[in-house]
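Chain by chain, the residues:
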Amino acid sequence: MDASIIYESMTGTTKLAASLIADNLYRYGVESTVFPITAYNPDEVAKADLVIVGSWTDGFLVVGQRPGRAKRFDALPDLSGKRAAVYCTYAINPGKTLEKLSAVVAGHGAEVIGGMALHRKRLSTEASEFADRLMSVVRA
Ligand SMILES: Cc1cc2nc3c(=O)[nH]c(=O)nc-3n(C[C@H](O)[C@H](O)[C@H](O)COP(=O)(O)O)c2cc1C
């Protein structure tokens, strides 16, 4: 099984989360390709069985949260027929960032099967938990 992980990151946290998620999916034999939203390879994404989209949380810390630089996700390809999952990283409170990102990804045609908000200080444990949860859904 192959996955493509597409992220938007301003200061590197969401990028690091993408590679930690890839490492943890590999425990299940899933091979991932990791791309920034500004430079993904459409052929690789088209081949992937699972597409994971990640963003950082933008907002006023506890209100108005949304995916950071969300406009960039307009460039996602058509994901019709694909299973997808979303994640966001955050500092204090992700609010509805995950739901908003799910809606964007679903708007590109994907079936969104799950999502998780990862605290920027707990990336390692939470990326591992996210991969475990995702694989339990994918393999059910
Ligand atoms: C302009 C700006 C607004 C932010 N707003 C929020 C917020 O509303 N809630 C929150 O929990 N974190 C907020 N954060 C923190 C980031 O979402 C968090 O540090 C994230 O992991 C950064 O990811 P990145 O390094 O990939 O850019 C904000 C950060 C920035 C730069």
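Residues numbered from 1 in each chain as written. Predicted model: local features only at pLDDT ≥ 70, side-chain atom pairs only at ≥ 80, totals over all residues. Heavy atoms only, no water.

**Student:** Explain the site of the ligand here, please?
**Tutor:** The ligand sits among 19 residues. The nearest are Ser-9, Thr-11, Thr-14, Thr-57 and Ile-92. The separation between an oxygen atom of the ligand and a polar side-chain atom of Thr-14 is 2.6 Å. Here the ligand, which alone exposes 640 Å², has 84% of that area covered by the protein. Here the shell around the ligand is composed, by residue class, of seven nonpolar, 10 polar and two charged. (Near = heavy atom within 4 Å. Polar contact = N/O pair within 3.5 Å; in protein donor to acceptor, adjacent residues only side chain to side chain. Areas by Shrake-Rupley, 256 points an atom, 1.4 Å probe, with all protein chains shown as cover. Nonpolar A, V, L, I, M, F, W, Y, C, P; charged D, E, K, R; others polar.)

**Student:** Would you mind showing me how to read the pairing of strand β2 (residues 31-36) here?
**Tutor:** Two elements, strand β1 (residues 2-7) and β2, share six bridges in a ladder whose sense is parallel. Bridge pairing in β2 links Ala-3 to Ser-32. A crossover links β1 with its parallel partner β2, the connecting element being helix α1 (residues 13-26), and its sense is right-handed. (Pairing = 2+ DSSP bridges. Helix = DSSP H or I, 4+ residues; strand = E, 2+ residues; numbered from the N terminus. Right-handed = clockwise from strand over helix to strand, strands pointing away.)

**Student:** What am I meant to see in the pairing of strand β5 (residues 83-90) here?
**Tutor:** On a regular strand, each side chain points to the face opposite its neighbour's, so the side chains alternate between the two faces of the sheet. Taken across its eight residues, β5 has seven buried, putting it largely inside the fold. Judged from the seven bridges that link them, strand β3 (residues 50-58) and β5 form a sheet pairing that is parallel. From the neighbouring strand, Leu-50 faces β5, where its bridge partner is Arg-83. Pairing between β5 and strand β6 (residues 111-119): eight bridges, direction parallel. Its bridge partner being in β6, Tyr-87 is matched across the sheet by Met-116. (Buried < 20%, exposed > 50% of the residue type's maximum accessible area, 1.4 Å probe, protein only.)

**Student:** Even after reading the chapter, I still don't get helix α4 (residues 123-138), so can you show me in this structure?
**Tutor:** Structurally, the α-helix is built with 3.6 residues per turn, so residues lying three or four positions apart point the same way. The end-to-end C-alpha distance of α4 is 22 Å, a good match for the 22 Å that 16 residues give at a rise of 1.5 Å each. The set of residues buried in α4 consists of Leu-123, Glu-126, Ala-127, Phe-130, Ala-131, Leu-134, Met-135 and Val-138. Buried residues in α4 make contact with α1, β3, β5 and β6. (Expected span 1.5 Å × (residues − 1). Contact = heavy atoms within 4.5 Å.)

**Student:** Is there a simple way to think about a nonpolar patch on the surface in this case?
**Tutor:** Taken together, the side chains of Phe-60, Leu-61, Val-62, Val-63 and Ile-92 define a hydrophobic patch exposed on the protein surface, amounting to about 530 Å² of accessible area. Note on placement: Ile-92 falls in the loop between β5 and α3 (97-107). (Patch = residues over 30% accessible without salt bridge, like charges linked within 9 Å, V, L, I, M, F, W, Y side chains within 5 Å. Salt bridge = Lys/Arg side-chain N within 4 Å of Asp/Glu carboxyl O.)

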